[in-house]
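One-letter residues, chain by chain:
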Amino acid sequence: MVNKTLKLFLVISLSVNVTLLYSVLMFPNGLQERPQSSWSHTFQIPEPRNCNDHQASLSVGVNKTSTKNQITLVDARNLIKRAYLEAFEVNEFVRKYFRKDFDLTKKAALKEDYLTNYLPFNDLTRKMKFLVDVIHNESQKELSDIGNEVQKRIHKLQNPSDCKTAKKLVCKFPYCGFGCQHHHIGNCLLAALGTNRVMLVDYSSVAYPGILKVFLPLSDTCLMEDLPKQVDEWKGELQENYEHIQVVRLDLTHEGSPNTHFQGLTVPKFLQEKGEFLHDDPNMWWIGQIMGYLLRPRPWVSVRLQQIKRKLNLYHPYVSIHVRRTDKLMMEARKFEIEEYMDPVVAWYDSQVGNASNYTRRVYVASDDLASVIPDARNKYPNYDFVYNTVDDKKLLKDMKQTVQSRQTEDELVALACDLMILSESDYFVGTHSSNVGRLVTQLMHSSSDATFRSRSIDHRMHYHRGLPLTYRAVEDFSGGKGELSFTAGETIVLRSSGEYPSYKGFGRNEAGQEGSFPMYKVEQTLTFVQYLALNSTF
């Protein structure tokens, strides 16, 4: 097994170096700036009557118009980012198998020293991370400016000068947890932005009744109390014309999506019209804007947050993990051991700081099971500083008796809000996307920057409840073996979001209805652009 691992390592190392050399040889004339107004794509506006048939229609990726001796700056950015992600994956893969199978003189300390200091991919990923940071810093101002303008548009929609005459959409959603609740509200806000209506939320039967004490209200000028008692149900703009009705209700308490274009994993059309958009995943950026507006903390909560960070000496860079257990394990997810969260954390710190002895490897832990997670983590990773948001260790012991209902008190809601902010502000986050809170954290990270390389799910891929399916387009043919999915270039692949697959491997269905796994580098994500009426003016 050792020989196989060594051979694999040599093959991967050679492949990376050959790839880098090929890039230099293929593009001797340097980089050429791409015209600001061109996205290489084919776009067709879909008009389905059933949103489940709404297919994504735009492919975003490397510029297919580049010549053999020419590459654009955007292409270079995309290639560097993709190479970094793949190098990081390879680094983690090699570490895992070396730790398991390659015993250096049977001394664990020497083995860890080798993995940390001498594994060539640590140096490679550090250098590539530097290039990625340069790219992100270059695009950060533009992303911030666009994000700020979107927040202003949402605020303007939600606060009309005359609420009596403004059209409204009332959001009603089922009783569920914090993350689930806000993903439902996010669906309503998407519909409100799409139809240019003020969104009002029915908080009469929610799991967190004190939510408006912790987060800012969604509207300062319109109140639920001012609405008529009888309100027509909104079933989607594709089913009926609701333009003449002033107040409609979107009821999400039952299964099934309304017949609308305005749902998760659709992107506002102004991004397509804008030209180049320097974000690896526009879907995530857009949902991040939605969640960023919904989860604006009140000023006193922000003060509490700073107090917690000072108390914990929580300064950048730091890593965070969200360990979801208790009721989640009953039906929806399996138990993940602390090692499964920490493997990516260790790899990240190794690739960033190497063997720096004066560097504190600090990990912020948020969990509904702190009483068992913290002792387990400290016992197995003594060289890491695990911190968490609680008054003292006596409180930690009380967590053992915590119930789902006790997490819904105002104090626990404040703690959850602070957890969300600390997790989303971390330099690297590891969690599970089977958890609504885990997905919320990743979405919030994208609201202020391109967080593609700052988060990692150890189970499902990112998905959005009641949203469009994850759709990809094959960029080259693939002839799969047993259990694999075959397809031809140009074919549409619908990716399954659930399942514990590494980022370099996907599982999905092709146009013929066949299912199987396939390498992700042979496909690229497609985007669906729709016209959100509240965002239809020039940015």
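Being a predicted model, the structure only gives us computed values, none of them experimental.

Draft legend 1. Summary view of the overall build of the chain. Secondary structure summary: the chain contains 15 helices and 19 strands in total. Per-residue burial for the chain yields a buried fraction of 52% across its 539 residues. Expressed as a percentage of contacts within the chain between residues at least 6 apart in sequence, the contacts between residues at least 24 apart total 74%. For the chain, the computed accessible surface area is about 25800 Å², with 54% contributed by carbon and sulfur atoms.

Draft legend 2. Region of interest: the packing of aromatic side chains. Within the structure shown, the criterion is met by 13 aromatic pairs. Note on W348 and Y428: the rings are 5.7 Å apart at their centroids and 10° apart in plane angle, and the pair reads as stacked. Separated by 80 residues along the polypeptide, W348 in helix 11 (residues 338–353) and Y428 in strand 12 (residues 428–431) bring together distant segments of the chain. Classification of Y428 by relative accessible area gives buried; the value is 3%. Consider the rings of F487 and F518, whose centres lie 5.7 Å apart with planes at 85°: the pair is edge-to-face. Here the residue F487 occupies a position in the loop between strand 14 (470–474) and strand 15 (492–495), and F518 occupies one in strand 17 (residues 515–519), the gap between them amounting to 31 residues. In terms of burial, F487 and F518 fall into one category: buried.

Draft legend 3. Region of interest: the state of the cysteines. Throughout the structure, instances matching the rule amount to three disulfides. The side chain of C163 participates in a disulfide bridge whose partner is C222; the two sulfur atoms lie 1.9 Å from each other. Every disulfide takes its handedness from the sign of the S-S torsion; for C163 and C222 that torsion is 135°, giving right-handed. Of this pair, C163 sits in the loop between helix 4 (120–158) and strand 4 (168–172) while C222 sits in the loop between helix 6 (211–214) and strand 6 (232–233), and the two are 59 residues apart along the sequence. Here C163 matches C222 in class, with each residue buried.

Draft legend 4. Just the sheet that holds strand 9 (residues 319–323), in detail. With respect to topology, five strands assemble into an open sheet ordered 11-10-9-12-13, the strand pairing being parallel. Among the strands making up the open sheet, the edge pair consists of strand 11 (384–387) and strand 13 (455–457). Averaged over all pairs of adjacent strands, the angle between strand axes in this sheet comes to 20°, irrespective of strand direction. Taken together, the five bridges between strand 9 and strand 10 (residues 361–367) define a ladder with parallel strand orientation. Within the sheet, the bridge partner assigned to I321 lies in strand 10 and is V365. Against the sheet, helix 14 (residues 410–424) touches strand 9, strand 10 and strand 12, its axis set at about 145° to strand 10.

Draft legend 5. Inspection of the sheet that holds strand 5 (residues 198–201) at higher detail. In space, the four strands of this open sheet follow the order 5-4-7-6, with parallel pairing throughout. In the strand order of this sheet, the two ends are held by strand 5 and strand 6, each with one partner. Pairing of strand 4 with strand 5, which is carried by four bridges, proceeds in the parallel orientation. Across the sheet, residue L169 finds its bridge partner in strand 5, namely M199. Together, strand 4, strand 5 and strand 7 (247–251) form the strand contacts of helix 5 (residues 178–195), whose direction differs from that of strand 4 by roughly 165°.

Draft legend 6. Here's a closer look at the nonpolar core. F178, L193, M199, W286, L294, Y364 and F518 are the most contacted members of the largest nonpolar core, which has 88 residues in total. When residues in this core are grouped by element, the largest group, nine residues, is from helix 14. Contacts of L294, omitting those with residues within four sequence positions, involve H182, I185, G186, L189, M199, F215 and L218. If you look at the next biggest cluster of nonpolar residues, it comprises 25 residues, including F336, M342, L370 and Y381.

Draft legend 7. Geometry of the side chain of H183. Inspection of the secondary structure assignment puts H183 in helix 5. Discounting chain neighbours no more than four positions away, the residues touching H183 are M291, N436, R439, L440, Q443 and Y464.

Draft legend 8. Region of the structure containing the pairing of strand 7. Most of strand 7 is tucked away, with four of its five residues classed as buried. Pairing between strand 6 and strand 7: two bridges, direction parallel. Note on strand 7: the bridge partner recorded for E233 is R249.

Draft legend 9. Representation of helix 9 (residues 299–311). Relative to the 18 Å expected for 13 residues at 1.5 Å per residue, helix 9 spans 19 Å between its end C-alpha atoms, a close match to the ideal helical length. On its buried side, helix 9 packs onto helix 6 and helix 14. Count one or two residues on from helix 9 and you reach N313, which has phi positive near 55°.

Draft legend 10. Local environment of the environment of V437. Assignment of secondary structure puts V437 in helix 15 (residues 436–448). A sequence separation of 259 residues divides V437 from F178, and the C-alpha atoms of the two residues are 7.4 Å apart. If sequence neighbours within four positions are ignored, V437 has contacts with G179, H322 and L420.

Draft legend 11. Examining the pattern of salt bridges more closely. This model, assessed by the stated rule, comprises twelve salt bridges. A salt bridge links D376 to K380, with the nearest nitrogen and oxygen atoms 3.2 Å apart. With D376 and K380 both in helix 12 (residues 370–380), this residue pair falls four residues apart, about one helical turn. Among the ionic pairs, E524 bridges to R473, the shortest N-O distance being 2.7 Å. Residue E524 is located in strand 18 (residues 523–527), and its partner R473 is located in strand 14; the two are separated by 51 residues in the primary sequence.

Draft legend 12. Representation of the packing of helix 5 against helix 8 (residues 282–294). Packing of helix 5 against helix 8 brings their axes to within 10 Å, and their N-to-C directions diverge by 110°. One element, helix 5, and the other, helix 8, form an angle in the roughly perpendicular class. Contacts from H182, H183, I185, G186, L189, L190 and L193 of helix 5 reach helix 8 at W286, I287, I290, M291, Y293 and L294. Class assignment for the residues of the contact of helix 5 with helix 8 results in ten nonpolar, three polar and no charged.

Conventions and cut-offs
Residues numbered from 1 in each chain as written. Predicted model: local features only at pLDDT ≥ 70, side-chain atom pairs only at ≥ 80, totals over all residues. Heavy atoms only, no water. Helix = DSSP H or I, 4+ residues; strand = E, 2+ residues; numbered from the N terminus. Buried < 20%, exposed > 50% of the residue type's maximum accessible area, 1.4 Å probe, protein only. Contact = heavy atoms within 4.5 Å. Areas by Shrake-Rupley, 256 points an atom, 1.4 Å probe, with all protein chains shown as cover. Phe/Tyr/Trp six-rings, centres within 6.5 Å; stacked < 30°, edge-to-face > 60°. Disulfide = S-S within 2.5 Å. Pairing = 2+ DSSP bridges. Axes fitted to C-alpha atoms, helices over the stretch in contact; angles between N-to-C directions. Core = buried A, V, L, I, M, F, W, Y, C linked by side-chain atoms within 4.5 Å. Expected span 1.5 Å × (residues − 1). Salt bridge = Lys/Arg side-chain N within 4 Å of Asp/Glu carboxyl O. Parallel < 35°, antiparallel > 145°, perpendicular 65-115°, else oblique. Nonpolar A, V, L, I, M, F, W, Y, C, P; charged D, E, K, R; others polar.

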